[in-house]
Amino acid sequence: MFTRFRRKRLHPVLRDLVRETVMTPDDFIYPLFIRSGEGIRNEVASMPGVFQMSIDEALKECETLKSLGIGSVILFGIPDVKDSVGSDALCEHGIIATALRSLREAHPDLLIVTDLCFCEYTDHGHCGVLNPKLQTVDNDITLQNLAKQAIVHAKAGADMIAPSGMMDGMITAIREGLDSAGFSHIPIMSYSTKFASAYYGPFRDVAESSPSFGDRRSYQMDPANRREAVLESLADEEEGADILMVKPALAYMDIIRDIREASRLPLAVYNVSGEYSMLKMAARAGVIDYEKVMMETLLGFKRAGADIIITYHAKEAAQLLNR
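Residues numbered from 1 in each chain as written. Predicted model: local features only at pLDDT ≥ 70, side-chain atom pairs only at ≥ 80, totals over all residues. Heavy atoms only, no water.

(A) Quick peek at helix α3 (residues 95-106). With 12 residues, α3 should reach 16 Å at 1.5 Å per residue; the first-to-last C-alpha distance of 17 Å fits that figure. Those residues of α3 that fall on the buried side of the exposure criterion are Ile-95, Ile-96, Ala-97, Ala-99, Leu-100, Leu-103 and Arg-104. Where α3 is buried, its residues touch β1 (28-35), α2 (55-67), β4 (72-78), β5 (111-116) and α4 (139-156). (Helix = DSSP H or I, 4+ residues; strand = E, 2+ residues; numbered from the N terminus. Expected span 1.5 Å × (residues − 1). Buried < 20%, exposed > 50% of the residue type's maximum accessible area, 1.4 Å probe, protein only. Contact = heavy atoms within 4.5 Å.)

Structure follows, in structure tokens:
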């Protein structure tokens, strides 16, 4: 006697009944890239369907997202002026603080997450204040600035803070800063395991955040390290992170599963720009069925253990799920 697995696959309703992994629009967070001005909606050549938007256009985009059942966005800012410390990110009148107040007023029901980093705001494109001797980011000075940045975001209306700079001790610093300013209720979704990946290329086009020298391997993780990846996330959990994250996602399914098994915290993944653009370009070349490959990819993240998926595919995926 052999096992007849196919008995449960013959009828489509039975296939649905025994499906182990389910995906809905509630699983998605959609990234928004905000810049100053009015009526700006600039499509990014390397990321078809992704736009730099002025605040008025972002307000309209949020209406579309909500109509699709997507209730969460994560904000990235593109300032008019950059300097060595990323001053716009620390200013109550900076691009993200300004966008937060407008979005909060227009969409009080939306979950607004802010990416907490400095790479978009510094003239050198690195994720904090530089140590000129070591030619890398000064960890401890940057921690102080991250706490200040988090407080600015919280005051402006952020519902959740998402630090992405991979500074050691960043969760402790941000948590202490938020708590001391009266924001102990604001959760932190940490980019707890973020690799120095080649998959980020198109993001640097849309966020205008390419490093002016070197790379980020002195603070982001070595893609070869699996055990360290788990330790990074567990350390952030101990420091008080409310949600953990793996970034990128597609080439790191093993890491997603490892962290899922090591922690009981909610786990997010960032389906990054390079992963998105590969599917878009493959679709243009006619070599894949775009919608099917997209949905299979997103389902794979959930099957690996993700509770939350940050993805540029969110609108298209939601449309398919709502059919």
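So much for the structure itself; the text now carries on.
(B) A look at the side chain of Lys-315. Secondary-structure assignment places Lys-315 in helix α11 (residues 314-321). At a separation of 2.5 Å, a polar atom in the side chain of Lys-315 contacts the side chain of Glu-61. Each residue touching Lys-315, except ones within four places of it in the same chain, is listed here: Tyr-30, Arg-41, Glu-61, Thr-64, Leu-65, Leu-68 and Ile-70. (Polar contact = N/O pair within 3.5 Å; in protein donor to acceptor, adjacent residues only side chain to side chain.)

(C) Representation of the packing of aromatic side chains in the model. Taken as a whole, this structure holds seven aromatic pairs when the rule is applied. Aromatic pair Phe-33 and Tyr-312: ring centres 6.3 Å apart, planes at 15°, arrangement stacked. One end of the pair, Phe-33, is in strand β1; the other, Tyr-312, is in the loop between β12 (308-311) and α11, with 279 residues separating them in the sequence. Per residue, the accessibility class of Phe-33 equals that of Tyr-312, and both read buried. Taking 6.5 Å as the distance between ring centres and 55° as the angle between the ring planes, the aromatic pair formed by Phe-76 and Tyr-270 counts as tilted. Taken together, the residues span a long stretch of sequence, with Phe-76 in strand β4 and Tyr-270 in strand β11 (residues 267-271) at a distance of 194 residues. Each member of the pair, Phe-76 as well as Tyr-270, is classed as buried. By way of ring pairs, the aromatic residues Phe-33, Phe-76, Tyr-191, Tyr-270, Tyr-276 and Tyr-312 are connected into one cluster. (Phe/Tyr/Trp six-rings, centres within 6.5 Å; stacked < 30°, edge-to-face > 60°.)

(D) Examining the pattern of salt bridges more closely. With the rule as written, the count across this model stands at 13 salt bridges. Residue Arg-260 pairs with Asp-307 through a salt bridge whose shortest N-O separation is 2.9 Å. Separated by 47 residues along the polypeptide, Arg-260 in helix α8 (residues 253-262) and Asp-307 in the loop between α10 (290-304) and β12 bring together distant segments of the chain. Among the residues examined, Arg-260 registers a relative accessible area of 15% and is labelled buried. Measuring nitrogen to oxygen at the nearest pair gives 2.7 Å for the salt bridge that ties Lys-280 to Glu-316. Highlighted residues: Lys-280 in helix α9 (residues 273-284) and Glu-316 in helix α11, separated in sequence by 36 residues. Under the relative-accessibility criterion, Lys-280 is labelled buried at 13%. (Salt bridge = Lys/Arg side-chain N within 4 Å of Asp/Glu carboxyl O.)

The analysis is restricted to geometry; functional conclusions fall outside its scope.
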